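Examining the three-dimensional arrangement
Chain residues, written in single-letter form:
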Amino acid sequence: MASGLEDLKNHLPVQILVLSSLGVQVTLFLCAGARRRETFSGVSVRLILLWLAYNFGATIVTITLGRLSLSSTMGNHPLVILWAPFLLLHLAGPDNISAYTLQDNQLSLRSLQTFIAQVAAGGYFLYKYRNSSGHFVRLASRLMYVVGVVKYGERWLALKRGNLGSIRDNVKKHSPAKNSHVHGEDIELKDEESSVRRAHSSFYICKCGMVDSSSKKKPGRQNYYIGNMKYVENWAVLEIQLSLMYDILYTKAAVIHTWHSYTIRVISPLAILSSLLLFHFSEEDRDSTEVDTAMTYVLFGSALFMEWTSLLNALGSSWIFTTLITSGSPWLRYKLLCSGRWDQLRRLVLCLNSLVTCGGSRSGARRWSGNMGQYNILHFCTRPNTLLTRPQLGTLAKLLGFEEFWNRKHFSGVIQISDHDLIKVYINNHTKLLYKEEWINTLGTTKHLWGQTALSHRSQLSHFHETLGVEFQEAIIIWHIGTDFFLAKCKSAGVSGPLVDTIKALSNYMMFLLVERPYMLPGVAQNKLYERTCTALKGCVSHHPGSIGGMLKSLFRWHDEPAAGYTSRATDSEKHAEYLYKEHVALEKFSYDTVRVNYPATVAKCLLKYKKKHGARESLDFLLEVWTDMLVYAGNRCSRESHAKKLSSGGELTTVVWLMVEHYHQALLEQAFAKEASSKQEYQDNYNV
């Protein structure tokens, strides 16, 4: 019994550390894809596990290498000389994640220092105990060490190439003509695969736009982007392109899909298999304890599984289609593409993925989730805030100093853009208007400030000019409150329908960005104005619980998102909106007590005049155009780095809109280039005559 406990003491710590390192890699492999689609349904367990695995993986490996280097460990576990190289392979991580945040790519030089230190530590360990094992195990450990170093170096290279500066250098070296390929079957988008290939064909626009780099235009390609415009309204293509951008920024895609990396993926599983056979026929396989031997086989088996999966995913990825198209070998293109062999492999990979995910679509999982956050300032200001109605968790958060965080999360919600089809329709119409009227300048930004395009298009700019504010976020606050004032008056007049719901959705979404994600909006943050506005909007709204059940429900309410339809909370907000409008509509002068509340009243007043003159339907259409204009402005003027950062957590509607405008901008550049070339040719012809 005593010897058994002593044996457990000698075996357990180092084995737990090695297996923990393996568990971290498995967790990364299984959970990395969770970041592609944002979820608002509580805390995601996969995201928590992913965060823990990514941040503590390197620490576990460092501790384990230190533990393995002890002489006592080597004496008790002869196979540790074979375990150490696996730790370097674990540091390399799976192919579906290289960086957790954009800052990881920006700190790639610091990661290089870590890479050199870990590789040196592993090499020193093998050198120190070079004579402590048999010939076969030494050879197997050296072979695994080489595989680990190469794969770990590949991960560092992925971090370096995922930096926005490196991407900018890359797009300057490669012309768009090299990547402007179109599959013969993709003239019309028949299915998801056609959309994926079409997204690859114009992905260069997304890359150039994300790093704010001008593209090189070559003669003979002037009509490519112009002819591609009919696909811009297809949101699937835009969403897939953003997913491809995610691949470059946060996975190893920038490194994987090169010929030398394909070679590594073919050789590495063969090298691991060779090491496994060397170990199997070595003396240590028979002389070591059963626990050590079993764990070594587990390490080999997991490594083989990960490497074969990596090879299969790489060869069946849509990225290899681009690699083959741009390949300088016509024979290779014919053998794999023209013969249909690669399409068969691609279908096999998709089929296997469908089986693993129980019928889930791999391409669908790569698309934007369609989530739109919702936050309404009047809904927040009319919240239950008495002793018998205030949520107890909110009281606890206030005591702990997290009141602001609680308010943002508790009073925000989410909707699906698929439930509001008019949003996509109005965005498509507005971006086409920018393209048709050439209201996008040569730098790719809209020529007019927020709201002015829609107001000028309706000849209403002079009436609403003072309500646009001097900062974009100020305009959002003014028009958000003014919209609630106007819609409350419309509802009292019996006006409702899809237009009203869509206006609310866009207004609440823009307010959600201002409160929860101000980094996704251009201009100076207006937190002080928001706080003072909330103070000015607070009203005396009674929230007496009608029953004990209602009181308990309010006390333990987990979420209180902006209400839709007829509810007591929605009614409170609408009544308060009507009250505030009546109180402030007559105010003409600025008041420190009311901050900007008189401007929303002006917005509602002008909208009501427009409604009286043109009708309810036309006034709602006009208001929706203004909000669409603000949404497009926000996406277009938001910093590229903010768009890139948000891709790591599922992306944002404004990012999709930004990419749509970027495509139209490229088309306008091509048109200008074609006109300039035509003018030069005409001048030369006239000169020769």
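Residues numbered from 1 in each chain as written. Predicted model: local features only at pLDDT ≥ 70, side-chain atom pairs only at ≥ 80, totals over all residues. Heavy atoms only, no water.

As a further point, take the packing of aromatic side chains. Under the definition given, this model contains 19 aromatic pairs. Ring geometry for Phe29 versus Phe305: centroids 6.4 Å apart, planes at 80°, classification edge-to-face. Taken together, the residues Phe29 in helix 1 (residues 2–31) and Phe305 in helix 17 (residues 290–316) connect sequence positions 276 residues apart. Using a relative accessible area of 24% as the deciding quantity, one classes Phe29 as partly exposed. Between the aromatic rings of Tyr610 and Phe622, the centroid separation amounts to 4.8 Å while the plane-to-plane angle is 35°, which identifies the pairing as tilted. In this pair, Tyr610 sits in helix 33 (residues 598–614) while Phe622 sits in helix 34 (residues 616–637), placing the two residues 12 residues apart along the sequence. (Phe/Tyr/Trp six-rings, centres within 6.5 Å; stacked < 30°, edge-to-face > 60°. Helix = DSSP H or I, 4+ residues; strand = E, 2+ residues; numbered from the N terminus. Buried < 20%, exposed > 50% of the residue type's maximum accessible area, 1.4 Å probe, protein only.)

Quick look at the nonpolar core now. Membership of the largest hydrophobic core comes to 125 residues, with the highest contact counts inside it found for Trp479, Phe485, Met510, Tyr530 and Leu653. When residues no more than four places from it in sequence are discounted, the contact partners of Leu653 are Trp235, Trp368, Met372, Ile417, Ile427, Tyr509 and Leu631. (Core = buried A, V, L, I, M, F, W, Y, C linked by side-chain atoms within 4.5 Å. Contact = heavy atoms within 4.5 Å.)

A few words now on a nonpolar patch on the surface. Taken together, the side chains of Leu393, Leu396, Leu399, Leu400, Phe402, Phe405 and Trp558 define a hydrophobic patch exposed on the protein surface, amounting to about 830 Å² of accessible area. A per-element tally of the nonpolar patch places helix 23 (residues 392–399) first, with 3 residues. Residue Leu396 is classed as partly exposed on the basis of its relative accessible area of 43%. (Patch = residues over 30% accessible without salt bridge, like charges linked within 9 Å, V, L, I, M, F, W, Y side chains within 5 Å. Areas by Shrake-Rupley, 256 points an atom, 1.4 Å probe, with all protein chains shown as cover. Salt bridge = Lys/Arg side-chain N within 4 Å of Asp/Glu carboxyl O.)

This brings us to unusual backbone geometry. Non-glycine residue Glu438 carries a positive phi angle of around 55°. Structurally, the position occupied by Glu438 is in the loop between helix 25 (421–436) and helix 26 (452–457). We classify Glu438 as partly exposed; its relative accessible area is 38%. Of note, the phi angle at Ser459 is positive, near 60°, even though the residue is not glycine. Its place among the elements puts Ser459 in the loop between helix 26 and helix 27 (461–464).

The contact between helix 4 (residues 80–92) and helix 7 (residues 135–161) brings their axes to 7 Å, and the two run at 15°. Here helix 4 lies roughly parallel to helix 7, going by the angle between them. Judged by the sense of rotation from one axis to the other, the crossing of helix 4 with helix 7 is left-handed. Across from Ile81, Leu82, Pro85, Phe86, Leu88, Leu89, Leu91 and Ala92 in helix 4, the residues of helix 7 making contact are Val137, Ala140, Ser141, Met144, Tyr145, Val147, Gly148, Val149, Lys151, Tyr152 and Arg155. Per-class residue counts for the contact of helix 4 with helix 7 are 15 nonpolar, 2 polar and 2 charged. (Axes fitted to C-alpha atoms, helices over the stretch in contact; angles between N-to-C directions. Parallel < 35°, antiparallel > 145°, perpendicular 65-115°, else oblique. Left-handed = near helix turned anticlockwise from the far one by under 90°. Nonpolar A, V, L, I, M, F, W, Y, C, P; charged D, E, K, R; others polar.)

All told, the structure shown has 16 salt bridges when counted by the stated rule. A salt bridge links Glu625 to Arg458; the shortest N-O distance between them is 3.1 Å. Here the residue Glu625 occupies a position in helix 34, and Arg458 occupies one in the loop between helix 26 and helix 27, the gap between them amounting to 167 residues. Both residues of the pair, Glu625 and Arg458, count as buried.

Among the secondary structure elements, Ile48 is positioned in helix 2 (residues 45–68). Residues Ile48 and Cys31, 17 residues apart in the sequence, show an inter-C-alpha distance of 9.3 Å.

So far we have only geometry, and geometry alone does not tell us how the molecule works.
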